[in-house]
Amino acid sequence: MTTKPHNDPPEAPESLPFRIHPRAFKALGADLVTNDVVAIIELVKNAYDAYATTVDVRFLAGDKILEIEDNGSGMSRETIEEAWCTVATPYREDNPFAKLPGKRNRRASGQKGLGRLSAARLGIELEMITQSEEGECWTIKVNWEQLAKCESLDRCIATIARTPQRQFAKSGTLLRIFPLRTKWNESTWDDLRDNLGRLLPPFDVNQDFAIRLTTPALFENPVDITPPEFLEHPKYVICGAVGASGKVRYRYQYHAVRGTGHRTTSGTVTWKQVQEQADDATLNGMGEPGFGPFRFEFRAWDIGPQDTQEIAERFELKKSSVRSDIRAYKGISVYRDGVLVLPKSEGTRDWLGLDVRRIGKVGPRLSTPQLVGYVAISATRNPDLEDTSDRERLAATPQVLAFEETLRAIVSIMENERDKDRRDTTKERRVSDLFKQLNARELVSSVTDVANDGGPASEALPLVEDFSDKLDKAREEIETRFVYYSRLATVGTIAHMLVHEVRNRTSVLGHVVEELRKTEPHAANADLMASKLDMASRAVEALDRLANTFAPLANRQFKRRARNACVEESVLRTLQMLANDLKAGKIAIVLPQGTVTEVAVDPGELDAVLLNLLGNAVYWLSHKTSADRRIEICMQPASDGKRISIQVHDSGPGVSEEDAEKIFWPGVTNKPGGIGMGLTVASELVADYGGKLALDRNGKIGGATFVFDLPLM
């Protein structure tokens, strides 16, 4: 074997051209287009991009042939050759808007060439007849199976021929795909109708694009794809806008399906508040969310048997069709420049994870089948919100994560407001009072009276139904509270572990510190060592205090009033827990001076009450724009001299009149992502010591004031 000397000049590199096998059409059609329904939607979107005002989707010869005909701008011979026949053409990037004289421009929705891939997925052959307004009519034919057998792309051809007569009144395109690869049936046609209905927003748009569907048996005559009327009459709705800074401005409305019940409220949520509820650490370091401004509108309904019956009667519908119609439009959908971006297929309707999020949450949370949501973004103002190639989800970027978390925060606001409107306006009852509703003595007495008066059984039926309704409401309230209390039981188990582990460690650490103190006088750096040991001792003492605070929760045999508490010490301990938030929010604290107030309350329970009240005050003050952020704690003897009244004042935004009574109800909260049980538990803890937790809306220093009383020693 002969080798060349190392000093010979290197050979000139050769060119290796890239080649794409024609089978890519078939493979990409199967991979990038999720299913046949999505494929048809992509072809209908092409009609929208061509500025059509109507498009007909027709299944012919049973389910062998599919026709999609529109009255759009059609294509010239030049466009067919340079754009339609060019794979991955930049035509849409260069021409992002469809323009017709005298009409507003449409932003093109298709940019990735999925139309041709969709046609390849649906059937073996494509016949396309297209005609521009001023041009001639052309017929293009493609056999995808023959293309797939070609050895290279340069051998792939479509045939084109001039059509002798114009096929359209002005312009348009007709696609004829045959034979279809999939067997269609009533179920898949019904699914197609539902998804075509979602292609354009079901509300909040100027509808200038009509879709008609014709199928054998199910829709023998063309049916207009329109949303049901009752979608225009939601029971609950939240709408608004989100700015580039992430600030949410919203307006919530409630309208009873029957009767005159209604309520409207509005507010704002900052990007910081959205971050605080997020579980994803990626969002913590983002000063701004990174997405552009967008608009939203979410509509929701209650879908229990009684609720669907009300809707059915109000709009003269079958009860079964109410749920199916909501199901057809269910979920939150994103529309870019007026056309659906996602979700496309049934399996991705819950792309925000609302149903998973609902599991384990205290209080009523909305599920996907109850929501019809609309989010309007634009390609120009939201360039970082890009969908993936299969058009089934958004690309996983920090901006998209922030976008999704903001939408979840808006859903949380809607849930919190809806919960207020679903509740009885009577005063919230303690748990012990709830069980009293389970007593049937009054019902028995009423039914007995009817029987004694010789009345028929039909007269007693309304009494039984009314009692049954009361039982249902009591059950819902008890379930709501005891889901939370079961969590407290879990917390008790965790607290037991925490106390056990902390005390084991503090015992060992304390022993080590004492042993080191014996060697301290003889150490070369005795002063430094003494300082370090003092710090260690204080740390051990702090851990011991923490263990003592959690001990009541950890001890299943814990009996109230076994220990007493000092209010001032409890306040200082609670403020120490909130020290970082107080510092970050630049919140000033005013405390009683020179007092020692001992109460017949366990320190752990007093800490729980104060932590809730002070934690709420800190949260709302931290989101206040003005510089005046203060908390003031005052105490004064109650009238009988045996109790002490404690007031927690803040200079925050206060509590609205409509929320004043409801904030003590379980599950009610105005915090995005909150569970709304803190004030409920705090008020019941105070009540267990014979006191009352109350709100004074006209607070001493401009915000809210909470007042509660406890027994003195």
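The structure presented is a predicted model; accordingly, all values stated were derived computationally and were not measured.

S.K.: Break down the overall build of the protein chain for me, citing the residues and quoting the values.
M.R.: Helix and strand counts for the protein chain stand at 20 helices and 24 strands. In the protein chain, which comprises 713 residues, the share counted as buried stands at 47%. Considering only contacts in the protein chain between residues 6 or more positions apart, those separated by 24 or more positions represent 71%. In the structure as shown, the protein chain presents an accessible area of about 37,000 Å², 52% of it carried by carbon and sulfur atoms.

S.K.: Hey, could you go over the packing of helix H9 (residues 305-315) against helix H10 (residues 319-329) for me, with residue numbers and the actual values?
M.R.: For the pair H9 and H10, interaxial distance at closest approach is 8 Å and the crossing angle is 100°. Between H9 and H10, the angle is such that the two are roughly perpendicular. Judged by residue contacts, Pro-305, Thr-308, Gln-309, Ile-311 and Ala-312 of H9 engage Lys-319, Val-322 and Arg-323 from H10. Considered class by class, the residues forming the contact of H9 with H10 number 4 nonpolar, 2 polar and 2 charged.

S.K.: Mind laying out the pattern of salt bridges, listing which residues take part and the relevant values?
M.R.: Within this structure, the stated rule accounts for 29 salt bridges. Of the charged contacts in the structure, one is a salt bridge between Lys-141 and Glu-127, with a shortest N-O distance of 3.6 Å. Taken together, the positions of Lys-141 in strand S6 (residues 137-143) and Glu-127 in strand S5 (residues 123-131) put the pair 14 residues apart, joining distant regions of the chain. Since its relative accessible area comes to 44%, Lys-141 is described here as partly exposed. Connected via shared salt-bridge partners are Arg-58, Glu-67, Glu-69, Glu-127, Lys-141 and Arg-176.

S.K.: Requested: an account of helix H2 (residues 36-49), with residues and values cited.
M.R.: Taking 1.5 Å per residue as the helical rise, H2 with its 14 residues ought to reach 20 Å, and the 20 Å between its terminal C-alpha atoms agrees with that figure. At the N-terminal end of H2, a side-chain oxygen is found 3.0 Å from the backbone nitrogen of Val-37, two or three residues along, and the residue is Asn-35. Tyr-51 lies just past H2 and shows a positive phi near 65°.

S.K.: I'd like a description of the pairing of strand S12 (residues 248-255), backed by residues and values.
M.R.: Residues of S12 alternate between two faces, with Val-248, Tyr-250, Tyr-252 and Tyr-254 buried on one and Arg-249, Arg-251, Gln-253 and His-255 left unburied on the opposite face. With 7 bridges joining them, strand S11 (residues 236-242) and S12 adopt antiparallel strand pairing. When the sheet's bridge partners are listed, Tyr-236 is paired in S12 with Tyr-254. The hairpin turn running from S11 into S12, its antiparallel successor, is 5 residues long, and Gly-246 in that turn takes a positive phi close to 90°. Where S12 lies against strand S13 (residues 262-269), 8 bridges are found, and the strand directions are antiparallel. Its bridge partner lying in S13, Tyr-250 is registered against Gly-267. If you look at the hairpin formed by S12 and S13, you'll find 6 residues sitting between the two strands, and Gly-259 has a positive phi there, around 85°.

S.K.: Can you explain the sheet that holds strand S15 (residues 331-336)? Please cite residues and give values.
M.R.: Read from one edge of the open sheet, 7 strands run S13-S12-S11-S14-S17-S15-S16, paired in mixed fashion. Strand pairing shows two members of the sheet lacking a second neighbour, S13 and strand S16 (339-342), which therefore form its edges. Averaged over all adjacent pairs, the angle separating strand axes in this sheet is 20°, with direction ignored.

S.K.: Before we move on, can you summarise the nonpolar core with the specific residues and values?
M.R.: Ile-40, Val-44, Phe-59, Leu-66 and Phe-209 are the most contacted members of the largest nonpolar core, which has 64 residues in total. In terms of residue count, the dominant contributor to this core is H2 (9 residues). One finds Tyr-236, Val-269, Val-274 and Ala-300 within the second-largest nonpolar core, a separate group that totals 41 residues.

S.K.: Could you give me a rundown of the sheet that holds strand S24 (residues 705-711), with the residues and numbers involved?
M.R.: Spatially, S19-S21-S22-S24-S23 is the arrangement adopted by the 5 strands of the open sheet, whose pairing is mixed. Two strands bound the open sheet, and with one partner strand each, they are strand S19 (588-590) and strand S23 (693-696). Neighbour to neighbour, the strand axes of the sheet diverge by 20° on average, direction disregarded. With 4 bridges connecting them, S23 and S24 associate as antiparallel partners. Pairing of Leu-693 across the sheet is with Phe-708, part of S24.

S.K.: Would you mind going over the packing of aromatic side chains in detail, with residue names and values included?
M.R.: Under the criterion given, the structure shown has 12 aromatic pairs. Where Phe-291 meets Phe-403, the ring centres are 6.1 Å apart and the plane angle is 75°; that geometry is what we call edge-to-face. Taken together, the residues span a long stretch of sequence, with Phe-291 in the loop between helix H8 (271-277) and strand S14 (294-300) and Phe-403 in helix H12 (residues 398-422) at a distance of 112 residues. Assigned by exposure class, Phe-291 and Phe-403 land together as buried. Within the aromatic cluster, the residues linked to one another by ring pairs are Phe-59, Trp-184 and Trp-189. The ring centre of Trp-138 lies 5.4 Å from the NZ or CZ of Arg-77, which sits over that ring.

S.K.: Could you give an account of helix H3 (residues 77-84), naming the residues involved and the relevant values?
M.R.: Buried within H3 we find Ile-80, Ala-83 and Trp-84. For H3, the arc enclosing every buried residue in end-on projection is 105°, short of the 170-degree limit, so these residues lie on one face. Within H3, the exposed residues directed more than 90 degrees away from the buried face are Glu-78 and Glu-82.

S.K.: Kindly report on the environment of Val-609, identifying the contributing residues and their values.
M.R.: Mapped onto the fold, Val-609 is located in helix H19 (residues 603-622). Here Val-609 falls in the buried class, since its relative accessible area comes to 4%. Filtering out sequence-adjacent residues up to four positions away, Val-609 remains in contact with Ala-682, Leu-685, Val-686 and Phe-708.

S.K.: So what about unusual backbone geometry? Which residues, and what values?
M.R.: Note on backbone geometry: most residues besides glycine have negative phi, and most peptide bonds are trans. In this structure, Pro-343 follows Leu-342 across a cis peptide bond, with omega equal to 0°. Of note, Pro-343 is situated in the loop between S16 and helix H11 (354-358). Positive phi, close to 55°, is recorded for Glu-316, a residue that is not glycine. Mapped onto the secondary structure, Glu-316 falls in the loop between H9 and H10. Note on Glu-316: relative accessible area 74%, which makes it exposed.

S.K.: I'd like to hear about the environment of Lys-662, residue by residue, with values.
M.R.: For Lys-662, the location among the structural elements is in the loop between strand S22 (643-650) and helix H20 (678-688). Take Lys-662: its relative accessible area is 14%, and that puts it in the buried class.

S.K.: Could you give an account of the packing of H19 against H20, with specific residues and numbers?
M.R.: As a packed pair, H19 and H20 sit with axes 9 Å apart at the nearest point and diverge in direction by 140°. Between H19 and H20, the crossing angle belongs to the class labelled oblique. You can see that H19 and H20 cross each other, and the crossing is left-handed. Only Gly-678, Leu-679, Ala-682, Leu-685 and Val-686 of H20 make contact with H19, whose side of the interface consists of Glu-605, Ala-608, Val-609, Asn-612, Leu-613 and Asn-616.

S.K.: So what's going on with the environment of Ala-158? Residues and values would help.
M.R.: Along the chain, Ala-158 falls in the loop between helix H6 (144-149) and strand S7 (159-162). Considering only alpha carbons, one finds Ala-158 and Val-142, 16 residues apart in sequence, at a separation of 5.0 Å. Residues in contact with Ala-158, not counting those within four places in the same chain, are Ile-140, Lys-141 and Val-142.

S.K.: How would you sum up the side chain of Ser-622? Please name residues and give values.
M.R.: In this fold, Ser-622 is placed in helix H19. In this structure the side chain of Ser-622 is engaged in a polar contact, spanning 2.7 Å, whose partner is the backbone oxygen of Val-618. Residue contacts for Ser-622: discarding those within four places in its chain leaves Lys-272, Asp-581, Gly-585 and Ile-587.

Rules and cut-offs
- Residues numbered from 1 in each chain as written.
- Predicted model: local features only at pLDDT ≥ 70, side-chain atom pairs only at ≥ 80, totals over all residues.
- Heavy atoms only, no water.
- Helix = DSSP H or I, 4+ residues; strand = E, 2+ residues; numbered from the N terminus.
- Buried < 20%, exposed > 50% of the residue type's maximum accessible area, 1.4 Å probe, protein only.
- Contact = heavy atoms within 4.5 Å.
- Areas by Shrake-Rupley, 256 points an atom, 1.4 Å probe, with all protein chains shown as cover.
- Axes fitted to C-alpha atoms, helices over the stretch in contact; angles between N-to-C directions.
- Parallel < 35°, antiparallel > 145°, perpendicular 65-115°, else oblique.
- Nonpolar A, V, L, I, M, F, W, Y, C, P; charged D, E, K, R; others polar.
- Salt bridge = Lys/Arg side-chain N within 4 Å of Asp/Glu carboxyl O.
- Expected span 1.5 Å × (residues − 1).
- Polar contact = N/O pair within 3.5 Å; in protein donor to acceptor, adjacent residues only side chain to side chain.
- Pairing = 2+ DSSP bridges.
- Core = buried A, V, L, I, M, F, W, Y, C linked by side-chain atoms within 4.5 Å.
- Phe/Tyr/Trp six-rings, centres within 6.5 Å; stacked < 30°, edge-to-face > 60°.
- Lys NZ or Arg CZ within 6 Å of the ring centre and 35° of its normal.
- Arc of directions from axis to C-beta.
- Left-handed = near helix turned anticlockwise from the far one by under 90°.

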